[in-house]
Amino acid sequence: MTRAPRVLVVEDNEANQLLTRYVLELDGFELEVAGSAAEAREKLEHMVPDLILMDIQLPGQDGLSFTTDLKRASETAAIPVVALTAHAMRVHEEQAIAAGCAGFISKPINTKTFGEQVRTFLSGARPADGAAAVR
Ligand code: MN
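We now turn to the structure provided with this report. (Residues numbered from 1 in each chain as written. Predicted model: local features only at pLDDT ≥ 70, side-chain atom pairs only at ≥ 80, totals over all residues. Heavy atoms only, no water.)

## Concerning helix 3 (residues 63-72)
Taken together, the buried positions of helix 3 are occupied by G63, L64, F66, T67 and L70. Down the axis of helix 3, the sector holding all buried residues measures 155 degrees, keeping them to one side. The elements touched by buried residues of helix 3 are strand 1 (6-10), helix 2 (37-44), strand 3 (51-55), strand 4 (81-86) and helix 4 (90-99). One side-chain oxygen of the residue at the start of helix 3 lies 2.9 Å from the amide nitrogen of L64, identifying that residue as D62. (Buried < 20%, exposed > 50% of the residue type's maximum accessible area, 1.4 Å probe, protein only. Helix = DSSP H or I, 4+ residues; strand = E, 2+ residues; numbered from the N terminus. Arc of directions from axis to C-beta. Contact = heavy atoms within 4.5 Å. Polar contact = N/O pair within 3.5 Å; in protein donor to acceptor, adjacent residues only side chain to side chain.)

## Brief notes about the packing of helix 1 (residues 14-26) against helix 5 (residues 114-123)
Two measures define how a pair of helices packs: the angle their axes make with one another and the distance between the axes. With their axes 9 Å apart at the nearest point, helix 1 and helix 5 run at an angle of 75 degrees to one another. Taken together, the axes of helix 1 and helix 5 lie roughly perpendicular to each other. Each of T20, V23 and L24 in helix 1 lies in contact with helix 5, whose residues at this interface are F114, G115 and V118. In terms of residue class, the contact of helix 1 with helix 5 is made up of four nonpolar, two polar and no charged. (Axes fitted to C-alpha atoms, helices over the stretch in contact; angles between N-to-C directions. Parallel < 35°, antiparallel > 145°, perpendicular 65-115°, else oblique. Nonpolar A, V, L, I, M, F, W, Y, C, P; charged D, E, K, R; others polar.)

## Points about the pattern of salt bridges
Inspection of every chain in the model, using the stated rule, returns eight salt bridges. In this structure, the salt-bridge partner of E25 is R21, at a minimum N-O distance of 3.0 Å. Here the residue E25 and the residue R21 both occupy positions in helix 1, the gap between them amounting to four residues, near one helical turn. The class for R21 is partly exposed, based on a relative accessible area of 30%. Among the salt bridges present, the one from D69 reaches R41, with a minimum N-O distance of 2.9 Å. On the criterion of sequence distance, the pair formed by D69 in helix 3 and R41 in helix 2 is long-range, its members being 28 residues apart. Given the relative accessible area of 35%, R41 is considered partly exposed. (Salt bridge = Lys/Arg side-chain N within 4 Å of Asp/Glu carboxyl O.)

## A closer look at the coordination of the manganese ion
Looking at the metal site, the manganese ion is ligated by D12 (OD), D55 (OD) and Q57 (O), spaced 2.0 to 2.2 Å from it. Sequence spacing among the residues donating to the manganese ion works out to D-x42-D-x1-Q. Of this pair, D12 sits in the loop between strand 1 and helix 1 while Q57 is found in the loop between strand 3 and helix 3, placing the two residues 45 residues apart along the sequence. Judged by relative accessible area, Q57 falls into the exposed class, the value being 60%. (Donors = N, O, S within 2.8 Å, 3.2 Å for Na, K, Ca; no water.)

Shown next, in the form of C-alpha coordinates:
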(Lines give C-alpha, C1' and ligand atoms only; values in the text may rest on other atoms or scores of the structure.)
Protein backbone atom coordinates (compact mmCIF):
# COMPACT_ATOMS: atom_id res chain seq x y z
CA MET A 1 0.00 0.00 0.00
CA THR A 2 1.31 3.44 -0.85
CA ARG A 3 1.57 6.06 1.85
CA ALA A 4 -1.13 8.64 2.43
CA PRO A 5 -0.81 11.75 0.25
CA ARG A 6 0.55 14.66 2.28
CA VAL A 7 -1.22 18.00 1.86
CA LEU A 8 -0.17 21.36 3.26
CA VAL A 9 -3.14 23.71 3.67
CA VAL A 10 -2.34 27.42 3.85
CA GLU A 11 -5.50 29.01 5.21
CA ASP A 12 -6.04 31.64 7.88
CA ASN A 13 -9.72 31.05 8.60
CA GLU A 14 -10.00 28.66 11.54
CA ALA A 15 -13.35 27.19 10.50
CA ASN A 16 -11.98 26.47 7.03
CA GLN A 17 -8.82 24.94 8.55
CA LEU A 18 -10.90 22.58 10.67
CA LEU A 19 -13.27 21.65 7.85
CA THR A 20 -10.45 21.01 5.39
CA ARG A 21 -8.57 18.87 7.89
CA TYR A 22 -11.67 16.91 8.86
CA VAL A 23 -12.77 16.18 5.29
CA LEU A 24 -9.35 15.28 3.93
CA GLU A 25 -8.19 13.19 6.90
CA LEU A 26 -11.41 11.16 6.67
CA ASP A 27 -10.55 10.63 3.02
CA GLY A 28 -7.09 9.25 3.80
CA PHE A 29 -4.89 12.32 3.41
CA GLU A 30 -2.24 13.47 5.84
CA LEU A 31 -2.72 17.15 6.69
CA GLU A 32 -0.46 19.97 7.77
CA VAL A 33 -2.06 23.36 8.31
CA ALA A 34 -0.40 26.78 8.21
CA GLY A 35 -2.20 30.03 8.95
CA SER A 36 0.06 32.27 6.89
CA ALA A 37 2.76 32.23 4.24
CA ALA A 38 5.37 32.72 6.98
CA GLU A 39 4.11 29.70 8.90
CA ALA A 40 4.00 27.64 5.69
CA ARG A 41 7.62 28.55 4.90
CA GLU A 42 8.65 27.18 8.30
CA LYS A 43 6.77 23.93 7.71
CA LEU A 44 8.29 23.56 4.24
CA GLU A 45 11.74 23.48 5.79
CA HIS A 46 10.82 20.19 7.45
CA MET A 47 8.44 18.55 4.98
CA VAL A 48 7.80 18.15 1.27
CA PRO A 49 4.04 17.91 0.71
CA ASP A 50 2.60 16.18 -2.34
CA LEU A 51 0.32 19.16 -2.84
CA ILE A 52 -0.37 22.60 -1.36
CA LEU A 53 -3.87 24.02 -0.98
CA MET A 54 -3.54 27.79 -1.02
CA ASP A 55 -6.04 30.32 0.26
CA ILE A 56 -5.61 33.59 -1.61
CA GLN A 57 -6.43 36.11 1.10
CA LEU A 58 -3.97 35.63 3.93
CA PRO A 59 -2.60 37.93 6.63
CA GLY A 60 0.81 39.20 5.53
CA GLN A 61 1.92 37.87 2.17
CA ASP A 62 -1.07 36.86 0.02
CA GLY A 63 -1.45 33.37 -1.39
CA LEU A 64 -0.77 34.29 -5.01
CA SER A 65 2.45 36.13 -4.31
CA PHE A 66 3.52 33.25 -2.07
CA THR A 67 2.75 30.77 -4.86
CA THR A 68 4.94 32.73 -7.25
CA ASP A 69 7.79 32.53 -4.71
CA LEU A 70 7.30 28.77 -4.30
CA LYS A 71 7.41 28.28 -8.06
CA ARG A 72 10.67 30.26 -8.29
CA ALA A 73 12.43 28.24 -5.57
CA SER A 74 13.99 24.98 -6.80
CA GLU A 75 13.07 23.10 -3.57
CA THR A 76 9.36 23.79 -3.98
CA ALA A 77 8.86 24.45 -7.71
CA ALA A 78 7.63 20.92 -8.42
CA ILE A 79 4.94 20.84 -5.71
CA PRO A 80 1.51 21.42 -7.28
CA VAL A 81 -0.28 24.39 -5.71
CA VAL A 82 -4.07 24.51 -5.90
CA ALA A 83 -5.75 27.81 -5.07
CA LEU A 84 -8.86 27.94 -2.91
CA THR A 85 -10.94 30.68 -4.48
CA ALA A 86 -14.19 32.27 -3.34
CA HIS A 87 -17.13 31.51 -5.61
CA ALA A 88 -17.88 33.96 -8.42
CA MET A 89 -14.42 35.45 -8.32
CA ARG A 90 -13.34 34.52 -11.82
CA VAL A 91 -10.61 37.14 -11.68
CA HIS A 92 -9.04 35.27 -8.76
CA GLU A 93 -9.05 32.07 -10.76
CA GLU A 94 -7.22 33.69 -13.64
CA GLN A 95 -4.74 35.30 -11.25
CA ALA A 96 -4.17 31.93 -9.58
CA ILE A 97 -3.18 30.32 -12.87
CA ALA A 98 -0.97 33.29 -13.73
CA ALA A 99 0.78 32.95 -10.36
CA GLY A 100 1.69 29.34 -11.12
CA CYS A 101 -1.15 27.39 -9.53
CA ALA A 102 -2.01 24.04 -11.12
CA GLY A 103 -5.66 25.01 -10.81
CA PHE A 104 -8.23 26.05 -8.29
CA ILE A 105 -11.07 24.71 -6.17
CA SER A 106 -14.00 26.97 -5.38
CA LYS A 107 -14.92 27.85 -1.81
CA PRO A 108 -17.07 27.04 0.03
CA ILE A 109 -15.80 23.53 -0.57
CA ASN A 110 -18.20 20.72 -1.42
CA THR A 111 -17.44 18.25 1.38
CA LYS A 112 -18.72 15.33 -0.69
CA THR A 113 -16.37 15.91 -3.62
CA PHE A 114 -13.45 17.80 -2.11
CA GLY A 115 -11.20 14.77 -1.57
CA GLU A 116 -11.78 13.63 -5.13
CA GLN A 117 -11.03 17.12 -6.48
CA VAL A 118 -7.76 17.20 -4.57
CA ARG A 119 -6.88 13.72 -5.82
CA THR A 120 -7.27 14.73 -9.46
CA PHE A 121 -4.55 17.35 -8.96
CA LEU A 122 -2.29 14.71 -7.41
CA SER A 123 -2.69 12.31 -10.30
CA GLY A 124 -2.56 14.96 -12.97
CA ALA A 125 -5.93 13.77 -14.28
CA ARG A 126 -8.56 16.22 -15.42
CA PRO A 127 -10.23 17.81 -12.38
CA ALA A 128 -13.87 17.21 -11.54
CA ASP A 129 -16.64 19.82 -11.70
CA GLY A 130 -15.96 22.90 -9.66
CA ALA A 131 -12.25 22.77 -10.31
CA ALA A 132 -10.13 23.57 -13.29
CA ALA A 133 -6.53 23.11 -14.27
CA VAL A 134 -4.16 24.42 -16.86
CA ARG A 135 -4.26 22.14 -19.88
MN1 MN B 1 -8.24 33.83 4.01
